[in-house]
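Structure assessment
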Amino acid sequence: MPSAIELARGDEKLVAAVYRARRLIGRKALMAAAASAVPLPGVDWMADAALLSRLVPQISAEFGLSVTQVERLAPRQRERIQKAATTVGALLVGRLVTRDLLIRLAKHAGVRLTAKQATKYVPIAGQIVSAALGYAALRALGEQHIKDCVRVSATLALTPPEPHASA
């Protein structure tokens, strides 16, 4: 399976957006790892859901595909984005992140998330493994969303917005 960089096919602005989005994922994945290490059941699931509900729109925004960015476009362009997202199987591009969408997204990382829950009950080593799995699961979900955004952008020849001064 090609990486997001390969999918960008040398488009400098898309590649730059991929790198910015990956930095976002790195920070959120560390937070997910910390929450996963807490030995209380459910804390990590709540943290993962909260982190994903913030991360997905931030990644989308790097590519000009957040809900607010898409809503500002002309109706024809919005329709093209939604069709492209559907065509490439982009679950979260240009859509509000809802509980149902997060559940569908989590199913993609289901094995990791289930293993993470099981390891929590083994003292110390289990928490380390759980933290590593939490980090890996959030990174995998974020990377999949980046690929979806790149596919939609490349399909429509969209140019990602310029990065914010604070980025």
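Residues numbered from 1 in each chain as written. Predicted model: local features only at pLDDT ≥ 70, side-chain atom pairs only at ≥ 80, totals over all residues. Heavy atoms only, no water.

1. Let's talk about the packing of helix α2 (residues 12-37) against helix α3 (residues 43-62)
When two helices pack together, their arrangement is given by the angle between their axes and by how far apart the axes lie. Rule in force here: Each axis is a line fitted through C-alpha atoms, taken for helices only over the stretch in contact, and angles between the N-to-C directions span 0 to 180 degrees. Secondary structure elements follow DSSP: runs of H or I no shorter than four residues count as helices, runs of E no shorter than two count as strands, and numbering proceeds from the N terminus. Under this scheme an angle from 65 to 115 degrees is roughly perpendicular, one under 35 degrees roughly parallel, and one over 145 degrees roughly antiparallel; angles in between are oblique. We call two residues in contact when some of their heavy atoms are within 4.5 Å. Here the term charged refers only to Asp, Glu, Lys and Arg, the term nonpolar to Ala, Val, Leu, Ile, Met, Phe, Trp, Tyr, Cys and Pro, and the term polar to all other amino acids, Gly among them.
Direction vectors running N to C along α2 and α3 enclose 170°, while the axes themselves pass 10 Å from each other. It follows that α2 is roughly antiparallel to α3 by the angle criterion. Side by side, α2 and α3 meet where A17, R20, A21, L24, I25, K28, M31, A32, A35 and S36 of the first sit next to V43, D44, A47, D48, L51, L55, Q58, I59 and E62 of the second. Here the residues of the contact of α2 with α3 are counted per class, giving 12 nonpolar, 2 polar and 5 charged.

2. Digging into the environment of R23
Keep this limit in mind: Burial classification: accessible surface area is computed with a 1.4 Å probe over protein chains only, and a residue below 20% of its type maximum counts as buried, one above 50% as exposed, and the rest as partly exposed.
Assignment of secondary structure puts R23 in helix α2. Residue classification places R23 among the partly exposed positions, given a relative accessible area of 46%. Expressed as a C-alpha distance, the spacing of R23 and I59, which sit 36 residues apart in the sequence, is 9.8 Å.

3. Structural notes on the packing of helix α5 (residues 75-88) against helix α8 (residues 125-156)
Stated formally: By definition, any crossing whose near helix is turned counterclockwise from its far helix by less than a right angle is left-handed, and any crossing with a clockwise turn is right-handed.
Viewed as axis vectors pointing N to C, α5 and α8 meet at an angle of 125°, and their least axial separation amounts to 9 Å. Relative to α8, α5 is oriented oblique. As α5 runs across α8, the sense of the crossing is right-handed. Across the interface between the two elements, R80, I81, A84, A85 and V88 of α5 pack against D148, R151, V152, T155 and L156 of α8. Partitioning the contact of α5 with α8 into residue classes produces 6 nonpolar, 1 polar and 3 charged.

4. A short note on α2
Stated formally: Between the first and last residue of a helix there are one fewer steps than residues, each counted as 1.5 Å, and that sum is the expected span. Pairs of N or O atoms are called polar contacts if they sit within 3.5 Å, as long as, within protein, a hydrogen donor faces a hydrogen acceptor (for residues adjacent in sequence, only side-chain-to-side-chain pairs).
Here α2 is 26 residues long and its end C-alpha atoms lie 38 Å apart, about the 38 Å a rise of 1.5 Å per residue gives. Where α2 begins, one side-chain oxygen reaches toward the backbone nitrogen of K13, 3.0 Å away; that side chain belongs to D11.

5. Some thoughts on the nonpolar core
One recurring pattern in soluble globular proteins is that nonpolar side chains are buried together. Note the cut-off: The criterion is simple. A nonpolar core is a set of buried Ala, Val, Leu, Ile, Met, Phe, Trp, Tyr and Cys residues joined through side-chain atoms within 4.5 Å.
By size, the foremost hydrophobic cluster in this structure holds 33 residues, and its most contacted members are F63, I146, V150 and V152. Those elements that provide at least two residues to this core are α1 (4-7), α2, α3, α5 and α8. When sequence neighbours within four positions are dropped, the list of residues in contact with I146 reads A4, V18, A21, R22, I25, I59 and F63.

6. Some points on the confidence of the model for the protein
So the rule is basically this: Per residue, pLDDT measures the predictor's confidence, with a range of 0 to 100.
Overall, the predicted model of the protein reaches an average pLDDT of 80, with 78% of residues at or above 70. Confidence, expressed as mean pLDDT per element, reaches its minimum in the protein at helix α7 (residues 110-119) with 54 and its maximum at α1 with 92.

7. Some thoughts on the side chain of K147
Spelled out, the test is: Think of it this way: Lys and Arg go in the positive column, Asp and Glu in the negative one, and His and the chain ends go nowhere. The salt bridge definition used is simple: a Lys or Arg side-chain nitrogen within 4 Å of an Asp or Glu carboxyl oxygen.
With respect to the helices and strands, the residue K147 is situated in helix α8. Despite its burial, K147 pairs with no opposite charge, the nearest such side chain being E143 at 5.4 Å.

8. Looking at the side chain of S66
In this structure, S66 sits in the loop between α3 and α4 (67-71). Separated by 3.3 Å, the side chains of S66 and T68 make a polar contact. Not counting residues within four places of it along the chain, the set of residues in contact with S66 comprises P57, S60 and A61.

9. Some words on α5
Heads up, the condition is: This arc is built from the directions going out from the helix axis to the C-beta atoms.
Spanning 14 residues, α5 covers 20 Å between terminal C-alpha atoms, matching the ideal 20 Å at 1.5 Å per step. Within α5, burial applies to I81, A84 and A85. All buried residues of α5 fall inside an arc of 100° around its axis, so they share one side. Those residues of α5 that are exposed and angled more than 90 degrees off the buried face are P75, R76, K83, T86 and T87. Next to the buried residues of α5 lie α4 and α8.

10. Observations regarding the environment of D11
Positionally, D11 belongs in the loop between α1 and α2. Accessibility expressed as a relative area gives 32% for D11, which makes it partly exposed.

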